[in-house]
Amino acid sequence: MNSNIHLKFLFILISLLILGLAQGDPEPLQDYCVADTTGQHSFFMNGQPCLDPELTSPNHFATSALSRPGNTSANQFGFSVILTSNQNLPGRRTQGLTLARVDIAPDGLVPPHSHPRASEVATCLKGDILVGFVDTSNKMYTQRLRPGESFVFPKGMIHFLYNVDQRSPAMAISGLTSENPGTQIASIATFTSQPPMPNKVLEKAFQIDGQEVTRIRNHLQG
Ligand SMILES: *[C@@H]1O[C@H](CO)[C@@H](O)[C@H](O)[C@H]1NC(C)=O
C-alpha cells in the first residue's frame, strides 16, 4: 500500500470518530451474559421479557416505592436502600436509570461501595450527611450535605454516606445512570463472599493475621 491510501484511510477514520459514527460496543446491562447455547431461544433482558404495548398503562410508569422509609435496623451498619426496579416501576425498563431512597440511622453508615455500571447523584432531603469518594489515584473527596444539597459519585468509584448526626435519622434520594447499577460493598465483597476468598489472600491484602480475618468475617456476617 502506498502512503496516499494510508492517509485517506486515516482521514476517513478520524472523520467517523469526530461525527460519532464509529462507536464501541454498548455498555453491559448486567454483571455477565453467559451465552445460551441450549437452542431454546428465550430472550431475557435483566430477567424479564417486555410487555405488549397494547397492555401498558400509566401506572406502569409510576411508583410509590420510595414514599416510605426503609428499616435501618435490618443491617449492622444502620442504613436502608430502597431501589426502583422492574417490579415496582416496570416503565423504567431500558431507560437507563434507577432511583434510590437511602435512609440512614443516627450515626449510621452506608459503607464504602461502588456501582460498576452507574454514576450517581445523591440529594440530601433530611439530616446531615458526610459523603465521599476515592478516585483511582487514591485521592479522597468529602463533603457535608444538608437538606437540598447534592453530590456526584463518579461511575465505579468507591464511595460512602455517613450520618454524622448522633440523634436524628438522615435521608437522601439518589439517581443512578443505569437500569442495573450493581453494588459491591468493599468489606462485604472481600470478607463474606460465597465461597470465601482464601484467608491467605485477605491476610496479605489487609496485612492482618488469620485470627483477625476470622474476627472481621464474624462481625460482618453478624
Ligand atoms: C426492622 O428490622 C429488625 C431486624 O431485622 C426487626 O427486628 C424489626 O422488626 C424491623 N422493623 C420493622 C418495622 O419492620
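Let us look at the structure shown here. Residue positions are counted from 1 within each chain, in the order its sequence is given. Confidence filtering applies because this is a predicted model: local features only for residues at pLDDT of at least 70, side-chain atom pairs given and counted only at 80 or more, and all residues used for totals across whole chains, interfaces and linings. Water and hydrogen atoms were dropped before computing side-chain values, which therefore reflect all heavy atoms in the structure.

1. Some remarks on the layout of surface pockets
Put simply, the test is: Space inside and on the surface of the protein is sampled on a 1 Å grid over the protein atoms alone, with a cavity defined as a set of points where a 1.4 Å probe fits but cannot get out and a pocket as an open set with protein on both sides within 12 Å along at least 5 of 7 lines; lining residues have an atom within 4 Å of a point. Grid points are joined across faces, edges and corners, and a volume is the space filled by probe spheres set on the points. Working definition: helices are DSSP H or I runs of at least four residues, strands are E runs of at least two. Numbering for both runs from the N terminus. Charged residues are taken to be Asp, Glu, Lys and Arg, nonpolar residues to be Ala, Val, Leu, Ile, Met, Phe, Trp, Tyr, Cys and Pro, and polar residues to be all remaining types, Gly included.
In this model, the largest pocket occupies a volume close to 360 Å³. For the largest pocket, the lining is made up of 26 residues, of which V81, L83, H115, L176 and T183 are closest to its centre. Listing elements by their share of the lining of the largest pocket, those giving two or more residues are β1 (79–83), β2 (98–104), β3 (109–114) and β9 (170–176). Residues that form the lining of the largest pocket fall into these classes: eleven nonpolar, twelve polar and three charged.

2. So, the packing of aromatic side chains
The cut-off we apply is this: Two aromatic rings from Phe, Tyr or Trp, using only the six-membered ring of Trp, form a pair when their centres are within 6.5 Å; if the ring planes differ by under 30 degrees the pair is stacked, by over 60 it is edge-to-face, and anything between is tilted. Under the scheme applied here, a residue whose accessible area is under 20% of the maximum for its type counts as buried, over 50% as exposed, and between as partly exposed, the area being computed with a 1.4 Å probe on protein chains only.
Taken as a whole, this structure holds five aromatic pairs when the rule is applied. Between F77 and F79 the ring centres are 6.3 Å apart and the planes differ by 35°, which places this aromatic pair in the tilted class. With respect to class, F77 is no different from F79; both count as buried. Judged by centre distance (6.1 Å) and plane angle (45°), the rings of F133 and F151 are tilted. A residue pair is termed long-range when its members are at least 10 positions apart, and F133 in strand β5 (residues 129–134) and F151 in strand β7 (residues 150–153) qualify at 18 residues. F151 matches F133 in its accessibility class, with the two residues each being buried.

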